[in-house]
Amino acid sequence: MDDKHIDAMPKLMARSWRRGLPLLLTLLIFVPLSSAGQPTHNRVSAAALSELEAEAQRISRLHNVVVAERGEIILDLQLAEPSSDQPVNIKSLSKTVLAALVGAAIETELIEGVDQPIVELLASRVPDGADPRIADITVEHLLAQQAGLERTSGQYYGAWVASRDWVAYALSRPFVDRPGGRMLYSTGSSHLLSAALTDATGENTLALARRLLGAPLDITIPPWPQDPQGIYFGGNDMLLSPLALIRLGELYRHDGVIDGRRVLPEGWVEASWQPRGTSRWTGDAYGYGWFITTLGEERVLYGRGFGGQALYVVPEKELTVAFTADPSPGADGSPFRQELLHRLMARLLETP
């Protein structure tokens, strides 16, 4: 059986069958080949890196640019403090990290899978009088930002984080679409995942992240803010260094395997990079915590956070790129524009 064509792959229904694949086969498929087996595409040239560096230096508030090719750091550009090994606030890029944590929890059988109804994990937190359609929301709907509930981001964000119970507030939002319908970008949906992981495992999200991601990736994950009930903020304000982000990107580039160890379920990366909705602001597709777009004629996957925090993976070019920046508004009050980073990536991919 060709595992790329297992019908239920996107929802990981073939997970038990795939667990039987030998580790050697996994390594042969996903670890870069050596010598004659190397891909035939051109590697990133010194000229391309020089041009990227020159253009990056012209972008105000940009702090770090780290480029890895085939897992090797080929550019570590520091434009401002702190250095690339120091954790910084990655804002909503946290959603990409949280999606990886959900995958790791499924791999270790702490939760069942993406089809599990969220009420099974949050039963004690569902407020009285909640819309019965809450029962139709699954883990997958939250990962893909398709809960159907009115958003807690944008104009609604302030009231949500000022509430006394963030989980109850998010679950009490009115339905504006059906679960599984259009993409409704909402940090509240991601926060429900953090609460679900906490309740289902008996470990807080920080402890889980350190154990299931930090340890195998050999990265530092400092504490980040919690809600009034002590649940770690799901989908915002995590602290990771640019080099830690590169490790996360490499985990996805190698189909959930890092240093010979499987961290994410087989099929998780393919499911995460399958378009499920479309951002109304960027027009890019969205999967499980990742946006999907095309830059320089290449398929590019990326996670993003407010103010210039981003992680890009370009599978066909074997590239992983991390950016961090000062999220403060510019002198004119304008936010950092994501298209500046898209432009840098396109230039990197287009330059011979």
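Calculation rules
- Residues numbered from 1 in each chain as written.
- Predicted model: local features only at pLDDT ≥ 70, side-chain atom pairs only at ≥ 80, totals over all residues.
- Heavy atoms only, no water.
- Helix = DSSP H or I, 4+ residues; strand = E, 2+ residues; numbered from the N terminus.
- Buried < 20%, exposed > 50% of the residue type's maximum accessible area, 1.4 Å probe, protein only.
- Contact = heavy atoms within 4.5 Å.
- Areas by Shrake-Rupley, 256 points an atom, 1.4 Å probe, with all protein chains shown as cover.
- Pairing = 2+ DSSP bridges.
- Axes fitted to C-alpha atoms, helices over the stretch in contact; angles between N-to-C directions.
- 1 Å grid on protein atoms, 1.4 Å probe; cavity = no way out; pocket = protein on both sides within 12 Å on 5 of 7 lines; lining within 4 Å.
- Points joined across faces, edges and corners; volume = space filled by probe spheres on them.
- pLDDT = per-residue confidence, 0-100.
- Nonpolar A, V, L, I, M, F, W, Y, C, P; charged D, E, K, R; others polar.
- Bend = angle between axes of the 7 residues up to and from the residue.
- Polar contact = N/O pair within 3.5 Å; in protein donor to acceptor, adjacent residues only side chain to side chain.
- Left-handed = near helix turned anticlockwise from the far one by under 90°.
- Salt bridge = Lys/Arg side-chain N within 4 Å of Asp/Glu carboxyl O.

Structural notes on the overall build of the protein chain
Here is step 1: A count of helical and extended segments in the protein chain gives 13 helices and 12 strands.
Here is step 2: The burial tally for the protein chain puts 56% of its 352 residues in the buried class.
Here is step 3: The long-range fraction of contacts in the protein chain, counting pairs at least 24 apart against all pairs at least 6 apart in sequence, stands at 65%.
Here is step 4: Accessible surface computed for the protein chain: about 14800 Å², of which carbon and sulfur atoms make up 50%.

With respect to the sheet that holds strand 8 (residues 285-286)
Here is step 1: The strand order across the open sheet built from eight strands is 2-1-12-11-10-9-8-7, with neighbouring strands paired in antiparallel fashion. Looking at which strands have only one partner, the edges of the open sheet turn out to be strand 2 (72-78) and strand 7 (277-278).
Here is step 2: Two elements, strand 9 (residues 291-295) and strand 10 (residues 298-305), share five bridges in a ladder whose sense is antiparallel. Counted as the bridge partner of Phe291 is Tyr302 from strand 10.
Here is step 3: This element, helix 3 (residues 46-56), spans strand 1 (62-69) and strand 2 of the sheet and lies at about 25° to strand 2.

So, empty space enclosed by the protein
Here is step 1: Evaluation of the coordinates by the stated rule reveals seven cavities of 30 Å³ or more.
Here is step 2: Quantified by volume, the largest cavity comes out at close to 50 Å³.
Here is step 3: The wall of the largest cavity is formed by Lys95, Leu98, Ala99, Leu142, Leu143, Gln145, Ser190, Leu193, Tyr286, Tyr288 and Gly289.
Here is step 4: Of all the secondary structure elements, the ones that give two or more residues to the lining of the largest cavity are helix 4 (94-107), helix 6 (139-143) and helix 9 (187-201).

Some words on the confidence of the model for the protein chain
In low-pLDDT regions, the fine details of the predicted coordinates are not to be read closely.
Here is step 1: Mean pLDDT over the protein chain stands at 89; residues scoring 70 or higher make up 88%.
Here is step 2: This stretch, residues 1-40, has a pLDDT under 50; its non-local contacts, to residues over four places away or in other chains, come to 56 contacts.

Things to note about the layout of surface pockets
Here is step 1: In this structure, the second largest pocket spans a volume of roughly 630 Å³.
Here is step 2: If you trace the second largest pocket, you find 25 residues lining it, with Ser92, Tyr185, Arg304, Gly305 and Phe306 closest to the centre.
Here is step 3: Taken together, the elements giving at least two residues each to the lining of the second largest pocket come down to strand 10 and helix 13 (338-350).
Here is step 4: A class-by-class count of the residues in the lining of the second largest pocket yields eight nonpolar, 11 polar and six charged.

Some remarks on the pairing of strand 9
Sheet faces and side chains relate simply in a regular strand, where the side chains alternate between the two faces.
Here is step 1: Counted residue by residue, strand 9 has four buried out of five residues, so it is predominantly covered.
Here is step 2: Strand direction decides the pairing type here: strand 8 and strand 9, joined by two bridges, are antiparallel. Each bridged residue has a counterpart across the sheet, and for Ala285 the counterpart in strand 9 is Ile292.
Here is step 3: Joining the antiparallel neighbours strand 8 and strand 9 is a turn of four residues, in which Gly289 adopts a positive phi near 80°.

Some remarks on helix 10 (residues 205-217)
Here is step 1: The sharpest bend along helix 10 comes to roughly 30°, located at Arg211.
Here is step 2: Listing the buried residues of helix 10 in full gives Thr205, Leu206, Leu208, Ala209, Leu212, Leu213, Gly214, Pro216 and Leu217.
Here is step 3: Buried positions along helix 10 lie against helix 4, helix 9, helix 11 (242-253), strand 5 (257-258) and strand 6 (261-262).
Here is step 4: One or two steps after helix 10, the chain reaches Asp218, where phi turns positive at roughly 55°.

Regarding unusual backbone geometry
Here is step 1: In this model, Glu81 is joined to Pro82 through a cis peptide bond whose omega is 0°.
Here is step 2: Of note in the backbone geometry, Gln145 takes a positive phi value of approximately 60° without being a glycine.
Here is step 3: Residue position: Gln145 is located in the loop between helix 6 and helix 7 (157-161).
Here is step 4: In this structure, Glu297 is a non-glycine residue whose phi angle is positive, near 65°.
Here is step 5: Structurally, Glu297 is set in the loop between strand 9 and strand 10.

A word on the environment of Val139
Here is step 1: Structurally, Val139 can be placed in helix 6.
Here is step 2: Taking the C-alpha atoms as reference points, Val139 and Val102, separated by 37 residues in sequence, lie 8.8 Å from one another.
Here is step 3: Apart from the residues lying within four places of it in its own chain, the contact partners of Val139 are Val102, Gly113, Val114, Gln116, Leu121 and Leu193.

Examining the side chain of Arg262
Here is step 1: By the secondary structure assignment, Arg262 is in strand 6.
Here is step 2: Reaching out from Arg262, the side chain makes a polar contact with the backbone oxygen of Leu264 at a distance of 2.7 Å.

Some words on the packing of helix 4 against helix 9
Here is step 1: Relative orientation of the contacting elements helix 4 and helix 9 amounts to 35°, with a least axis distance of 11 Å. Pair helix 4 / helix 9 crosses with left-handed handedness. For the pair helix 4 and helix 9, contact is made by Lys95, Leu98, Leu101, Val102 and Ala105 and by Thr187, Ser190, Leu193, Ser194 and Leu197, respectively.
Here is step 2: In terms of residue class, the contact of helix 4 with helix 9 is made up of six nonpolar, three polar and one charged.

Section: the pattern of salt bridges
Here is step 1: For the structure on display, the rule yields 15 salt bridges.
Here is step 2: Between Asp259 and Arg247 there is a salt bridge, with the nearest N and O atoms lying 2.8 Å from each other. Here the residue Asp259 occupies a position in the loop between strand 5 and strand 6, and Arg247 occupies one in helix 11, the gap between them amounting to 12 residues.
Here is step 3: Of the residues examined, Arg247 reaches a relative accessible area of 23% and is grouped as partly exposed.
Here is step 4: Of the charged contacts in the structure, one is a salt bridge between Lys317 and Glu298, with a shortest N-O distance of 4.0 Å. One end of the pair, Lys317, is in the loop between strand 11 (309-314) and strand 12 (319-325); the other, Glu298, is in strand 10, and 19 residues separate them in sequence.
Here is step 5: Its relative accessible area of 17% is what places Glu298 among the buried residues.

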